[in-house]
Amino acid sequence: PEGLVLLTSVAFTAGVVRLAQRRVLVQELPAVEVLARVDVLCIDKTGTLTEGRLVVDEVELLAQDGSHRDALAALAAAEPHPNATLLAIRESFPDPREGWLAARTVPFSSARKWSGADFGTRGTWVLGAPDVLLGSRPGDDAQLTKARRHAEAGRRVVLLGRTDVPLEADGGPVGLVPIAYVVLTDRVRETASTTLAYFARQGVDVKVISGDPPQTVAAVARRAGLPGAEAPFDAKALPGGGPELADVLQTHAIFGRVTPQQKRAMVEALRSRGHVVAMTGD
């Protein structure tokens, strides 16, 4: 059997060459065999199903405040490493007015789901997920309903709010007054439907695990033609691990509000059921 080692290596090398011709970077020869055995593919939404380039569709005012445009421009300019949402806001509101200088900032994180900056006498402004920033005060239910309607239509919604209480990175904003919803849209990739159909023919189950709201993820998955979009799952209700988490993953395909730690736990749960899992996205 000495020739088997050489023959296997030659076969792997031929596969790597063919993949390279399709603009695929392979760092280890056995990756060819691993890819052939994949039966579950976990993907992100932004930049995978969609083009990854958001544009501001509209700004829906929740309170009369003439400085909301200046605040959006200043928040986008204050972030040294803007994400896709802030890049879209910066494109629509490119020039912060004089006097909007951030004295302190709290950068966005996928775990926190919001960012903010203190602009001195102009107040502290926060931008983030509506369901995270809004509490249980009177009127919040109606505002959350507005956000859900946008999300169900496949749009991304972030809340712009103002507070006079200094921000703390470890806790949520206190005394936040909702000012506006920033509604953004993202285009589904032209090749998304064809790619998903290919994986279906290959017997590969596709799971969408995203940090966006479940309704938003489901709307995009529906437009891309992915089965299971009618029953999205909110990761806030996910079990911490074990057989319970694996059971949920077996019966659902669309997950929203997933944290980075949960993504790792989800992959481990799928592997515990004997699946060979691939993942693309962040």
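That block above? That's the structure.
Residues numbered from 1 in each chain as written. Predicted model: local features only at pLDDT ≥ 70, side-chain atom pairs only at ≥ 80, totals over all residues. Heavy atoms only, no water.

Glancing now at the sheet that holds strand β10 (residues 254–256). What the five strands build is an open sheet, ordered β9-β10-β8-β1-β11; its pairing is parallel. The open sheet has two edge strands with one neighbour each: β9 (233–234) and β11 (277–280). When β9 meets β10, the two strands line up parallel, connected through two bridges. By the bridge assignment, F233 is partnered in β10 with F255. On the sheet, helix α8 (residues 214–224) packs against β8 (205–209), β9 and β10 and is oriented at approximately 145° with respect to β10. On the sheet, helix α10 (residues 260–272) packs against β1 (40–43), β8, β10 and β11 and is oriented at approximately 155° with respect to β11. (Pairing = 2+ DSSP bridges. Helix = DSSP H or I, 4+ residues; strand = E, 2+ residues; numbered from the N terminus. Contact = heavy atoms within 4.5 Å. Axes fitted to C-alpha atoms, helices over the stretch in contact; angles between N-to-C directions.)

What follows concerns the packing of helix α3 (residues 68–78) against helix α4 (residues 84–92). Where α3 meets α4, the axes come as close as 9 Å, and the angle between the chain directions of the two elements is 130°. Considered as vectors, α3 and α4 are oriented oblique to each other. The way α3 lies across α4 gives a crossing that is left-handed. Residues L72, L75, A76 and A77 of α3 lie in contact with α4, whose contacting residues are L86, I89 and R90. Tallied by class, the residues present in the contact of α3 with α4 amount to six nonpolar, no polar and one charged. (Parallel < 35°, antiparallel > 145°, perpendicular 65-115°, else oblique. Left-handed = near helix turned anticlockwise from the far one by under 90°. Nonpolar A, V, L, I, M, F, W, Y, C, P; charged D, E, K, R; others polar.)

Pairing is antiparallel in the open sheet, where six strands are placed in the order β2-β7-β6-β5-β4-β3. Only two strands of the sheet have a single partner each, and these edge strands are β2 (55–61) and β3 (104–106). Across the sheet, the axes of successive neighbouring strands diverge by a mean angle of 15°, strand direction being ignored. Pairing of β2 with strand β7 (residues 177–185) involves six bridges; the strand directions are antiparallel. Pairing of V56 across the sheet is with L184, part of β7. The strands touched by helix α6 (residues 140–152) within the sheet are β2, β6 (156–163) and β7, with β7 carrying the most contacts at an inclination of about 5°.

The subject of this paragraph is the pattern of salt bridges. Under the definition given, this model contains nine salt bridges. A salt bridge links E33 to R37; the shortest N-O distance between them is 3.6 Å. Of this pair, E33 and R37 both sit in helix α2 (residues 31–37), separated by four residues, roughly a single helical turn. We classify E33 as partly exposed; its relative accessible area is 39%. Overall, R37 belongs to the partly exposed group, its relative accessible area being 45%. In this structure, the salt-bridge partner of K236 is D131, at a minimum N-O distance of 3.4 Å. Within this pair, whereas K236 is found in the loop between β9 and α9 (242–251), its partner D131 is found in helix α5 (residues 130–133), the two being separated by 105 residues in sequence. With relative accessibility at 30%, the residue D131 sits in the partly exposed group. Salt bridges sharing partners connect three or more residues here, namely K45, R156 and D212. (Salt bridge = Lys/Arg side-chain N within 4 Å of Asp/Glu carboxyl O. Buried < 20%, exposed > 50% of the residue type's maximum accessible area, 1.4 Å probe, protein only.)

With respect to burial, α8 is a largely interior element, eight of its eleven residues being buried. All of the buried residues along α8 are P214, T216, V217, A218, A219, V220, A221 and A224. For α8, the secondary structure elements touched by its buried residues are α6, β6, α7 (192–201), β8, β9 and β10. Where α8 terminates, the next one or two residues include G225, which has phi positive at roughly 85°.

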